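Here's the letter readout for the chains.
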Amino acid sequence: MKTATTKWDTYQNQAVTEYTIENKNGVKLGILSWGATLHTLSVPSKDGDKNLVLSYHKMEDYLSNPFYVCMGIGRIGGRLGGGTFEMGGKTYTVDTNEGKDTTLHGGPHGFNTVNWDGEIDDSDANEAKIILSHTFKSSDDSFPGDMTAKMIYSLDNNDRVNLKFEANSTALTLFNPTLHVYFNLSDDQLISGQTLQINAKEHLEVTSEKIPTGNFIQNAGTPFDFSKGQNLGEAIRGMQGTTEKGFDDLFHVEPAADNKIAELSDPQSNRSVTIKSSRNGLVVFTANSFTSDMKLATGAGQPYMGVALEAQTLSDTPHHPNFGDVSVPAGKTQTYEIAYEVKY
Ligand SMILES: OC[C@H]1O[C@H](O[C@H]2[C@H](O)[C@@H](O)[C@H](O)O[C@@H]2CO)[C@H](O)[C@@H](O)[C@@H]1O
């Protein structure tokens, strides 16, 4: 494995570092210290390296829009309605960053807003790791407990990227992290030609503010039925009468025996990525509201430039105990993993 640590940019007077790993097949993983951002997941192609994820050339561009492009998300992914929740017999009120009183993607000082400490572990010849860590104070966004978090990315010689999240808090708290990764596997600007398969029979009903109501909606017979694989262009066309004009939905996934929950593939280039997670949720966001002022590496922003696939536990969990339990006792180290296996 080849590894490197380089200064990539300066943002808010801080050096932003890029940590890179290249495996024996020429697959490259590049992670930025700011936001623990997945900057590059590139595979060899006839035209040179092909980055399978959306990216920018400057840190400022990542943070000048509300789309969290390929950034770490925490403490909790998705929306927490009302900015308040009960846990362990107490009521907590946390900081909000959307609409009247919604906490989106962990709040105003979430995982994407800080420059994480990092190091590379290349002691294993078949799998190198990039280890990022940061302590989020309770005073940052009013969640209980100072929480030391780690995001550990690894790349092995079987073209598998594994992302392990770890957290340990000084008080009982919530932890439901994810990676806001947007894929576009094709050589086209848009994702329309790609096929998405999801192991899900239902998705969540949400309010006009996108807060889960607690009801599940069956996917069969609707544009949401990705169970056998569906062309994304056709599926998006099926959503044109809706306010969103595409997908921005939380699918209730059933992980297979090997934890596979979804696969995105591009029939034209034969590239694919398989996503594995043991948790029960996957957000699918087809970048419906991307705007032309976004200076992405593949061009000016436009709807459907990428598809965000965010594996997590169903969000707003504290208000819906049947969605799962994302609480973590004080002093307990909680871990979650997401794997991305690429073929090309
Ligand atoms: O306000 C910016 C955009 O916010 C939303 O997009 C988020 C989406 O709802 C989440 O499910 C996803 O995990 O993250 C997206 C980026 O923040 C709106 O849906 C979108 O229309 C807004 O433009």
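Up top is the structure.
The text that follows walks through the structure, step by step, so that each part is easy to find. A quick note: this is a predicted structure, and the numbers were derived from the prediction, not measured.

How each quantity is defined
- The numbers attached to residues start from 1 for each chain and follow its sequence in the written order.
- Where local features are concerned, this predicted model is filtered to residues with pLDDT of at least 70; where side-chain atom pairs are given and counted, the filter is 80 or more; whole-chain, interface and lining totals use all residues.
- Values shown for side chains rest on all heavy atoms present in the structure; no hydrogens or waters enter the calculation.
- Secondary structure elements follow DSSP: runs of H or I no shorter than four residues count as helices, runs of E no shorter than two count as strands, and numbering proceeds from the N terminus.
- Radius of gyration means the value over C-alpha atoms here, while the globule rule gives 2.2 Å times the residue count to the 0.38 power.
- Note on classification: 1.4 Å probe, protein chains only; a residue is buried when its accessible area is under 20% of the maximum for its type, exposed when over 50%, partly exposed between these limits.
- It only takes one pair of heavy atoms within 4.5 Å for two residues to be counted as in contact.
- Throughout, the Shrake-Rupley method with a 1.4 Å probe supplies accessible areas, and for residues the shown protein chains are the sole cover considered.
- Charged-residue counts in this description rest on Lys and Arg as positive and Asp and Glu as negative, His and the chain ends being excluded.
- The atom standing in for a charge is NZ when the residue is Lys, CZ when it is Arg, CG when it is Asp and CD when it is Glu.
- Pairing between strands requires that DSSP locate at least two bridges from one strand to the other.
- Only a single heavy atom is needed: when it lies within 4 Å of a molecule or strand, its residue is near that molecule or strand.
- Definition of a polar contact: a pair of N or O atoms within 3.5 Å, with one able to donate and the other able to accept a hydrogen when the atoms are protein atoms, and with sequence-neighbouring residues admitted only if both atoms are side-chain atoms.
- For this classification, Asp, Glu, Lys and Arg are treated as charged, while Ala, Val, Leu, Ile, Met, Phe, Trp, Tyr, Cys and Pro are nonpolar and the rest, including Gly, are polar.
- The salt bridge definition used is simple: a Lys or Arg side-chain nitrogen within 4 Å of an Asp or Glu carboxyl oxygen.

What to know about the overall build of the chain
And then number 1: Each helix and strand in the chain was counted, giving three helices and 30 strands.
And then number 2: Taking 2.2 N^0.38 as the reference for a compact globule, 344 residues should give roughly 20 Å; the C-alpha atoms of the chain span a radius of gyration of 19 Å, in line with that estimate.
And then number 3: For the chain, the C-alpha atoms occupy an extent of roughly 60 × 50 × 40 Å along the three principal directions.
And then number 4: Counting all 344 residues of the chain, 55% fall into the buried class.
And then number 5: Partitioning the contacts of the chain with sequence separation of at least 6, the portion at a separation of at least 24 is 64%.
And then number 6: Of the roughly 13,800 Å² that the chain leaves accessible, carbon and sulfur atoms contribute 46%.
And then number 7: Within the chain, one finds 28 positive and 43 negative side-chain charges whose respective centroids are separated by 2 Å.

A look at the sheet that holds strand β21 (residues 230–231)
And then number 1: With antiparallel pairing, nine strands are arranged side by side in an open sheet as β11-β12-β13-β14-β30-β24-β23-β18-β21. Across the chains shown, the open sheet's two edge strands, defined by having one partner strand only, are β11 (117–121) and β21.
And then number 2: Bridge count for strand β24 (residues 271–277) against strand β30 (residues 334–343) is six bridges, and the pairing is antiparallel. Its bridge partner being in β30, Ser-277 is matched across the sheet by Ile-338.

Digging into the sheet that holds strand β28 (residues 307–312)
And then number 1: Ordered by their spatial adjacency, six strands build an open sheet running β17-β28-β25-β22-β19-β20, and the pairing between neighbours is antiparallel. Only two strands of the sheet have a single neighbouring strand rather than two, namely β17 (182–183) and β20 (212–218).
And then number 2: The pairing of strand β19 (residues 200–206) with β20 spans four bridges and is antiparallel. By the bridge assignment, His-203 is partnered in β20 with Ile-217.

Describing the site of the ligand
And then number 1: The environment of the ligand is made up of 13 residues, and the closest members are Arg-79, His-180, Asp-248, Ser-289 and Glu-310.
And then number 2: In this structure, Pro-66 approaches the ligand through a main-chain N or O atom, which is 2.9 Å from an oxygen atom.
And then number 3: Note that an oxygen atom of the ligand is positioned 2.5 Å from one of the side-chain N or O atoms of Asp-248.
And then number 4: Across the complex, the protein chains shield 81% of the 460 Å² of accessible surface that the ligand would expose by itself.
And then number 5: For the shell around the ligand, a count of residues per class yields five nonpolar, three polar and five charged.

Here's the deal with the pairing of strand β4 (residues 37–45)
And then number 1: In terms of residue burial, β4 counts as a mostly covered element, since seven of its nine residues are buried.
And then number 2: Inspection of the sheet shows strand β3 (residues 28–32) paired to β4 by five bridges, in the antiparallel sense. Across the sheet, the residue bridging to Lys-28 is Ser-42, located in β4.
And then number 3: What sits between β3 and β4 in their antiparallel hairpin is a turn of four residues, with Gly-35 showing a positive phi close to 75 degrees.
And then number 4: Across four bridges, β4 lies against strand β5 (residues 48–51) in antiparallel orientation. Bridging from a neighbouring strand, Ser-42 pairs with Asn-51 of β5.
And then number 5: Counted between consecutive antiparallel strands, the loop separating β4 from β5 contains two residues.

Considering the pattern of salt bridges
And then number 1: This model, assessed by the stated rule, comprises 14 salt bridges.
And then number 2: A salt bridge links Glu-98 to Arg-79; the nearest nitrogen and oxygen atoms lie 2.6 Å apart. Note that Glu-98 is positioned in the loop between β9 (90–93) and β10 (103–104) and Arg-79 in strand β7 (residues 79–80), a separation of 19 residues in sequence.
And then number 3: For Asp-187, the salt bridge is made with Arg-271, and the minimal N-O distance between the two is 3.2 Å. A residue pair is termed long-range when its members are at least 10 positions apart, and Asp-187 in the loop between β17 and β18 (195–198) and Arg-271 in strand β24 qualify at 84 residues.
And then number 4: In this structure Arg-271 comes out as buried when scored by relative accessible area, which is 6%.
And then number 5: Residues joined by salt bridges that share partners form a network here, namely Arg-160, Asp-258, Lys-276 and Glu-341.

Details of the pairing of β11
And then number 1: For β11 and strand β12 (residues 127–136), the ladder comprises five bridges, and the chain directions are antiparallel. By the bridge assignment, Glu-119 is partnered in β12 with Ile-131.
And then number 2: Adjacent in sequence and paired antiparallel, β11 and β12 are bridged by five residues.

Quick look at unusual backbone geometry
And then number 1: Residue Arg-75 follows Gly-74 across a cis peptide bond; omega there is 0 degrees.
And then number 2: Located in the positive-phi region is Asp-159, a residue other than glycine, with phi close to 65 degrees.
And then number 3: With respect to the element layout, Asp-159 can be found in the loop between β13 (147–156) and β14 (160–169).
And then number 4: The exposure class assigned to Asp-159 is buried, which follows from its relative accessible area of 9%.
And then number 5: One non-glycine residue, Ala-287, adopts positive backbone phi at about 55 degrees.
And then number 6: Structurally, Ala-287 can be placed in the loop between β25 (281–285) and β26 (295–296).

So, the environment of Glu-341
And then number 1: Examined against the element boundaries, Glu-341 turns out to sit in strand β30.
And then number 2: For Glu-341, a relative accessible area of 18% translates into the label buried.
And then number 3: Spatially, the C-alpha atoms of Glu-341 and Val-273 are 5.3 Å apart, while their sequence positions differ by 68 residues.
And then number 4: Residue contacts for Glu-341: discarding those within four places in its chain leaves Asp-159, Arg-160, Ser-272, Val-273, Thr-274 and Lys-276.
And then number 5: There is a polar contact of 3.1 Å between the side chain of Glu-341 and the side chain of Lys-276.

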